[in-house]
Amino acid sequence: MKNLYANILLFLCGLSTISPILSAQQVNKKVETKLAWGLSARQGKRPTMEDAHLICNPSNLKANNNNLLVGIFDGHGGKQVADFAAKRLPFYFLSYFKGSSALIKFGQDFPESGFSKKIKSEAKANKSDSAKNIISVEKIFKNSFAHIENNLKTESYAKDVGSTAVVAYIETNKFGYRILTTAWLGDSRAVLVDKYNKVVWASKDHKPNDAQEKARIEKNGGQVVFHGVPRIKLPEVNTMLAMSRSFGDTQFKQPNSAAGKLIDGGAVSGEPEIFN
């Protein structure tokens, strides 16, 4: 069974094209991590690049060298939220494995002005969530995504800037088997392909016209309208959104006069769906 696993492909999904962006795959060569990855990005017609990615081997934390954390973030309205999520997620994710002290150590590898200092203060406030508590990778993903969402609430640009996310963590257990856990928001897609290039599994896009997503949108006073593609429309928001889950987009995550309060996370949710 262990040899059937071949590729996990992550995609940024556009309205008219689907372009492969990231591949983390098992290879037979004797390389340090026994995992290989490839990256391709295309800006398209937009004036600036709004997408971001992360590729993280946590070997510098003395973790298993056969583990890999990879992700892509498809920004919209600007690149700030995509960049924010791509830089923050590894810190939050790895802190749950190694505790706040390792988070601070890992932060030293990223000497961005003011960034490491802020991470250190957040790590100290996050001791109760350290690796001393044994929790599942699924829970780690949920907590990490929640940290990003909570921090974006204080960023003014996140009102009308957002990003999708699809992140995969590949770990190797003591028996040599690979375990894949994937978390995603929005319409960026993960596809699991076997060594025969057959699709084994693919993530489901979070679109406004999906029955479950639409029900949550309507509970929160929103409407699903068609404007080129299905989009979310809220009473007090002057723009529309073509996805039902994302980082940022905080104007879609506020109580409005139609609903009065947030229900199940709001019309646009920041809670990831997770596959293991």
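Treat the numbers as computed from the prediction; the structure is a model and nothing was measured. (Residues numbered from 1 in each chain as written. Predicted model: local features only at pLDDT ≥ 70, side-chain atom pairs only at ≥ 80, totals over all residues. Heavy atoms only, no water.)

1. Considerations on helix α4 (residues 211-219)
This is how it is decided: Residue exposure (1.4 Å probe, protein chains only): buried if accessible area is under 20% of the type maximum, exposed if over 50%, otherwise partly exposed. Strands here are runs of E lasting at least two residues and helices are runs of H or I lasting at least four, both read from the DSSP assignment and numbered beginning at the N terminus. Here, the arc refers to the directions that run from the helix axis to the C-beta atoms. Residue contacts are defined here by distance: any two heavy atoms, one from each residue, within 4.5 Å place the two residues in contact. Definition of a polar contact: a pair of N or O atoms within 3.5 Å, with one able to donate and the other able to accept a hydrogen when the atoms are protein atoms, and with sequence-neighbouring residues admitted only if both atoms are side-chain atoms.
By the burial criterion, the buried members of α4 are E213, R216 and I217. The buried residues of α4 occupy an angular sector of 100° when the element is viewed end-on, so they sit on one face. With respect to the buried face of α4, the exposed residues turned more than 90 degrees away are A211 and Q212. Contacts made by the buried residues of α4 are with β11 (223-227) and β12 (229-233). With a side-chain oxygen lying 3.2 Å from the backbone nitrogen of Q212, the N-terminal cap of α4 falls on D210. Following α4 by one or two positions, G221 has its phi on the positive side, about 80°.

2. A few points about helix α3 (residues 137-152)
The α-helix advances 3.6 residues per turn, and as a result positions three or four apart in sequence lie on the same side. The cut-off we apply is this: Here the expected length of a helix is defined as 1.5 Å per residue gap, with one fewer gap than residues.
Here α3 is 16 residues long and its end C-alpha atoms lie 23 Å apart, about the 22 Å a rise of 1.5 Å per residue gives. Buried within α3 we find V137, I140, F141, N143, S144, F145, H147, I148, E149, N151 and L152.

3. Thoughts on the nonpolar core
Here is the rule: The criterion is simple. A nonpolar core is a set of buried Ala, Val, Leu, Ile, Met, Phe, Trp, Tyr and Cys residues joined through side-chain atoms within 4.5 Å.
One finds L69, F73, F93, F141, F145, I148 and F247 to be the most contacted residues of the largest nonpolar core, which totals 29 residues. Among the secondary structure elements, those contributing two or more residues to this core are β4 (51-56), β5 (68-76), α1 (80-107), α3, β7 (165-172) and β8 (178-185). Counting 11 residues, the second largest nonpolar core, distinct from the first, contains L68, I170, L180 and W184.

4. A short note on the packing of aromatic side chains
The criterion, for reference: Centre distance within 6.5 Å is the pairing criterion for rings of Phe, Tyr and Trp, where only the six-membered ring of Trp is used; planes under 30 degrees apart are then read as stacked, over 60 as edge-to-face, and the remainder as tilted.
In the structure shown here, the tally under the stated rule is 6 aromatic pairs. Their ring planes at 65° and their centres at 5.7 Å tell us that W184 and W201 sit as a pair that is edge-to-face. Here W184, found in strand β8, pairs with W201, found in strand β10 (residues 199-202); they are 17 residues apart in sequence, far enough to count as distant. Assigned by exposure class, W184 and W201 land together as buried. A connected cluster of aromatic rings, assembled from ring pairs, spans F93, F141, F145, Y169 and F247.

5. Brief notes about the confidence of the model for the chain
What counts, and what does not: Along the chain, pLDDT gives the predictor's confidence residue by residue, from 0 to 100.
Overall, the predicted model of the chain reaches an average pLDDT of 75, with 68% of residues at or above 70. Confidence over residues 12-33 falls short of pLDDT 50; this stretch has 70 contacts with residues more than four positions distant or in other chains.

6. Regarding the side chain of N220
Within the secondary structure, N220 sits in the loop between α4 and β11. Take N220: its relative accessible area is 2%, and that puts it in the buried class. A distance of 2.8 Å separates the side chain of N220 from the backbone oxygen of R216, its partner in a polar contact.

7. So, unusual backbone geometry
For N197, which is not glycine, the phi dihedral falls at a positive 65°. Assignment of secondary structure puts N197 in the loop between β9 (189-194) and β10. Classification of N197 by relative accessible area gives exposed; the value is 62%.

8. Looking at the pattern of salt bridges
How we decide: A pair is scored as a salt bridge if a Lys or Arg side-chain nitrogen falls within 4 Å of a carboxyl oxygen belonging to Asp or Glu.
Tallying each qualifying case throughout the model produces 7 salt bridges. Across the salt bridge formed by K207 and D187, the nearest N and O atoms sit 3.0 Å from each other. In this pair, K207 is assigned in the loop between β10 and α4 and D187 in the loop between β8 and β9, connecting sequence segments 20 residues apart. A relative accessible area of 25% places K207 in the partly exposed class. By relative accessible area, which is 7% here, D187 ends up buried. One salt bridge in this structure joins R216 and E213, with 3.1 Å as the shortest N-O distance. Of this pair, R216 and E213 both sit in helix α4, 3 residues apart, which is roughly one turn of that helix. By relative accessible area, R216 is classed as buried at 8%. Each of E213, R216 and R245 takes part in salt bridges that share partners, so that together they form one network.

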